[in-house]
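An overview of the molecular structure
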Amino acid sequence: MKPEIYHTLDKLGIDYTSLEHSPIMTMEEGTMIAQKLNVTPCKNLFLVNKQKEYFLLLLSENKKLSAKSIAKQIDSSHLSFASDEDMKRLLSTTPGAVSILGLIYDNTNKVKLLIDKEIMRTDYIGCHPCENTYSLKLKTKDILDIFLPAIGHADFEEIDAD
């Protein structure tokens, strides 16, 4: 459990619902948890380009990653998945547990947040508190308007992953 995430949410007055479950290893398992929480299922992808610029992409679960299209939208070179080591170093998490909440650990703002327009339109998102044995239901508006500015990540880019 990552108490600093819960502490930050509580300190900021952000309401959340927490659900403990078996480790989620597939999108199918994630979809089942999202249904239990009544949130839009979301993929969280940690990407890097050739210049070693890092990106956290929140993508609707029904969309496939088109790295070429996203790279073009953000005016970046080729995007690929970042290493597990970089994920641990920058977001204090591991594959299968990466989430927007991991940005709390990115004190130097090395990770740029990209959010699919479909996710931006949802009332609630579900995400891990950097551990894949818990899922949280959070108001999208609270994440965008309160959480991200409070942790110095108010600058994010809305993308069209269609």
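Within an unreviewed UniProt entry, the label attached to the protein reads YbaK/aminoacyl-tRNA synthetase-associated domain-containing protein, and the organism entered is Bacteroides salyersiae CL02T12C01. Listed under Sequence similarities (unreviewed entry) in UniProt, the entry text for the protein is "Belongs to the PRORSD1 family."

Some details on the nonpolar core
F46, I100, L101, L103, F147 and L148 are the most contacted members of the largest nonpolar core, which has 34 residues in total. In contact with F147, not counting residues within four places along its chain, are T8, L9, L12, I14, I100, L101, I104 and D142. The next biggest cluster of nonpolar side chains, apart from the first, holds 13 residues, and it includes L57, I74, L79 and A161.

Things to note about the packing of aromatic side chains
Taken as a whole, this structure holds two aromatic pairs when the rule is applied. Here Y6 and Y16 contribute two aromatic rings whose centre-to-centre distance is 5.7 Å and whose plane-to-plane angle is 55°, an arrangement assigned as tilted. You can see Y6 sitting in helix α1 (residues 3-11) and its partner Y16 sitting in strand β1 (residues 16-20), a full 10 residues away along the chain. The exposure class of Y6 is buried, given its relative accessible area of 8%. With 5.7 Å between their ring centres and 15° between their planes, F46 and Y54 make a pair best called stacked. By the burial criterion, F46 is buried, and Y54 matches it. In this structure, K137 packs its charged tip against the face of Y124, placed 4.5 Å from the ring centre.

Rules behind the numbers
Residues numbered from 1 in each chain as written. Predicted model: local features only at pLDDT ≥ 70, side-chain atom pairs only at ≥ 80, totals over all residues. Heavy atoms only, no water. UniProt positions renumbered as here; feature names shortened; annotations may be inferred. Core = buried A, V, L, I, M, F, W, Y, C linked by side-chain atoms within 4.5 Å. Buried < 20%, exposed > 50% of the residue type's maximum accessible area, 1.4 Å probe, protein only. Contact = heavy atoms within 4.5 Å. Phe/Tyr/Trp six-rings, centres within 6.5 Å; stacked < 30°, edge-to-face > 60°. Helix = DSSP H or I, 4+ residues; strand = E, 2+ residues; numbered from the N terminus. Lys NZ or Arg CZ within 6 Å of the ring centre and 35° of its normal.

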